[in-house]
Amino acid sequence: MENLRVLIVGNGGREHALAWKLAQSPELERLFVAPGNAGTHVWNVDIPAQDISALVEFALKETIDLTIVGPEDPLSLGIVDAFQKAGLRIFGPSQAAAQLEGSKSFAKSIMESAKIPTAKWAMFEDQEQAKDYVRTIGAPCVLKADGLAAGKGVIVAMDLDTALQAVDEIMDGGFGTAGKKLVVEEFLEGQEVSLLCLCDGMAARPMVPVQDHKRALEGDLGLNTGGMGTYSPPPVWTPEISTEVMRDIVFPTLRVMSERGTPFQGVLFLGLMLTDQGAKLLEYNVRFGDPETQVVMKRLKSDLLPILWACTEGRISEVKPEWKEEVAVCVVMASPGYPLAYAKGIPIHLPELKDQDAVIFHAGTGIQEGQLLSTGGRVLGITVEGKTLQLAREKAYSIVDQIDFPGGHYRRDIGVKGL
Ligand code: AMP
Ligand code: GLY
């Protein structure tokens, strides 16, 4: 395993963080990112993440040794199956295994088979039946479009009227085909933690726990977003919780997936709620989280490449990733208006960073005539490590304050829950 040619698929902050980490690997010969962003421009290849046949063709032509998939869309479209069919090595779950994220009702059925602690739930295809059920259980409750809705198909309803409206909103086509089926869930209370696990089909290793901030505004107000910032580790997490989650959630999931003939290889990302009755699973994602990956990569001491390689060979038990003691924080700067309609093409000027402890990961950025511009909803992820959460936060915000991004919005309270 040396002189490896690696392709990363995707164009977000997560992919920049993966590229930043892999570029430091002594085993790497050449890196490509398809399509990438301004932060990854030296590695970019102009192929969209969903154009699977073009990606296969590129990987064959460039004799790519390992492909790593960032976003869920290509996974749900079967990129892993297509690469494997072409004899190419790829890190990520098959189309069948990716349903853990692609379909909430599928995920719930796996949780049921594996006896995984989760919220009580019911699934509906009929709007009136769904509403009758919601009236029976009452509020608060949670309504979820069954299919992929870019992280936006979930409505937490604190009163009955909102819940009934949410049923209509989802099932009347507000989320396209994703809302043909509706999952209604019991409302769980507690702190949320994201746990990303490296899986090789049979075995798994957890990465460091992360707390995300999903709401657009400070104090966890406003709309749900893809994530406005992260920090790691959250102090609510303990080694006991970790043991319990691996034993009661991760390993049973892998066992059931393997028994079904759809073993899970890739990152199994658990969205957990730490309740008074222990950790409960809110959802599976089948990929690296964004912006979870930014802080996870900042804290990873070991070389990432042999770890991902081991996953593709069923050898994750043989590698033991090492982690820094330092705390990491990532503050996301988003376009004005995000997560609703937002402006694009805003010029951005970044400060020169002298500090090894900080890195500005790009997400929705591009370059036009030498000028850095915003091109997406989430634009930058200012990622910093420090001896303490307080120090990491201070340093992150001091960099944010030096960034010239007119109208760019961010939360000032990333990590405050952990202080
Ligand atoms: P999901 O896409 O399923 O993770 O849901 C998005 C967000 O909705 C989660 O990060 C939680 O903040 C919230 N949420 C989802 N399910 C529940 C639940 N059963 N109880 C409370 N909050 C939930
Ligand atoms: N930050 C949550 C996600 O990647 O889905």
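Sequence order as written defines the numbering, with residues in each chain counted from 1. Chains carry letters from A onward and ligands carry numbers from 1 onward, assigned in written order. Local features in this predicted model are restricted to residues whose pLDDT is 70 or higher, and side-chain atom pairs enter the listing and the counts only when it is 80 or higher, whereas totals over whole chains, interfaces and linings include all residues. As a rule here, side-chain values cover all heavy atoms of the structure and leave hydrogens and water aside.

Peer 1: Hey, could you run me through the site of ligand 1 in this one?
Peer 2: Nearness is defined per residue: one heavy atom within 4 Å of the molecule or strand is enough. Taken together, 15 residues are adjacent to ligand 1, and E185, E186, L188, E192 and E283 come closest. Here a polar contact means two N or O atoms within 3.5 Å. Within protein one must be a hydrogen donor candidate and the other an acceptor candidate, and residues neighboring in sequence count only if both atoms are side-chain atoms. A distance of 2.9 Å is found between a nitrogen atom of ligand 1 and a backbone nitrogen or oxygen belonging to E186. Here K214 contributes a side-chain N or O atom positioned 3.4 Å from an oxygen atom of ligand 1. For the shell around ligand 1, the elements supplying multiple residues, two or more each, are β6 (141–145), β7 (154–157), β8 (182–186) and β16 (278–285). Each residue is assigned to one of three groups, with Ala, Val, Leu, Ile, Met, Phe, Trp, Tyr, Cys and Pro labelled nonpolar, Asp, Glu, Lys and Arg labelled charged, and all others, Gly among them, labelled polar. In the shell around ligand 1, the residues fall into eight nonpolar, no polar and seven charged. Secondary structure elements are taken from DSSP: a helix is a run of H or I of four residues or more, a strand is a run of E of two residues or more, and numbering for both begins at the N terminus.

Peer 1: Explain the site of ligand 2 here, please?
Peer 2: Neighbouring ligand 2 are D212, G226, F269, N285, R287, G289, D290, P291 and E292. Between G226 and ligand 2, the recorded distance is 3.0 Å, taken from a backbone N or O atom to a nitrogen atom. Between ligand 2 and E292 there is a distance of 2.8 Å, counted from a nitrogen atom to a side-chain nitrogen or oxygen. For the area figures, the Shrake-Rupley method with a 1.4 Å probe applies, and any residue is considered shielded solely by the protein chains shown. Within the complex, the protein chains bury 89% of what would otherwise be the 200 Å² of accessible surface of ligand 2. Residues that form the shell around ligand 2 fall into these classes: two nonpolar, three polar and four charged.

Peer 1: For this particular structure, what's the right way to read the nonpolar core?
Peer 2: One recurring pattern in soluble globular proteins is that nonpolar side chains are buried together. The criterion is simple. A nonpolar core is a set of buried Ala, Val, Leu, Ile, Met, Phe, Trp, Tyr and Cys residues joined through side-chain atoms within 4.5 Å. Type-normalised accessible area, obtained with a 1.4 Å probe on protein chains alone, sets the label of each residue: buried when under 20%, exposed when over 50%, and partly exposed for intermediate values. Among the nonpolar cores identified, the biggest contains 53 residues, and I79, F83, L100, V245, L270 and Y284 are the most heavily contacted of them. With eight residues, the top contributor of residues to this core is helix α9 (residues 239–259). When residues no more than four places from it in sequence are discounted, the contact partners of L270 are V193, S194, L195, V245, I249, V250, L281, E283 and Y284. Membership of the second largest hydrophobic core comes to 41 residues, among which are L22, L31, L196 and C330. Only heavy atoms enter the contact rule, under which two residues are in contact if any of them lie within 4.5 Å.

Peer 1: Please clarify how unusual backbone geometry should be interpreted in this entry.
Peer 2: Comment: phi is negative for the bulk of residues other than glycine, and the bulk of peptide bonds are trans. A cis geometry characterises the amide bond from A139 onward to P140, with omega recorded as -5 degrees. Relative to the helices and strands, P140 is located in the loop between α7 (127–137) and β6. The residue after Y338, namely P339, is reached through a cis peptide bond having omega 10 degrees. Positive phi values are uncommon outside glycine, yet N3 reaches one of about 50 degrees.

Peer 1: Which parts of the structure should I look at to understand the pattern of salt bridges?
Peer 2: Any two side chains of opposite charge can pair, so long as their charged atoms come close to each other. Salt bridge criterion: a side-chain nitrogen from Lys or Arg within 4 Å of a carboxyl oxygen from Asp or Glu. Using the criterion set out here, one finds 27 salt bridges in the structure. Linking E15 and R14 is a salt bridge whose minimum nitrogen-to-oxygen distance equals 2.9 Å. When its relative accessible area of 1% is taken as the criterion, E15 is described as buried. Take R14: its relative accessible area is 7%, and that puts it in the buried class. Of the charged contacts in the structure, one is a salt bridge between R287 and E72, with a shortest N-O distance of 3.1 Å. One end of the pair, R287, is in the loop between β16 and α10 (292–299); the other, E72, is in helix α3 (residues 72–76), with 215 residues separating them in the sequence.

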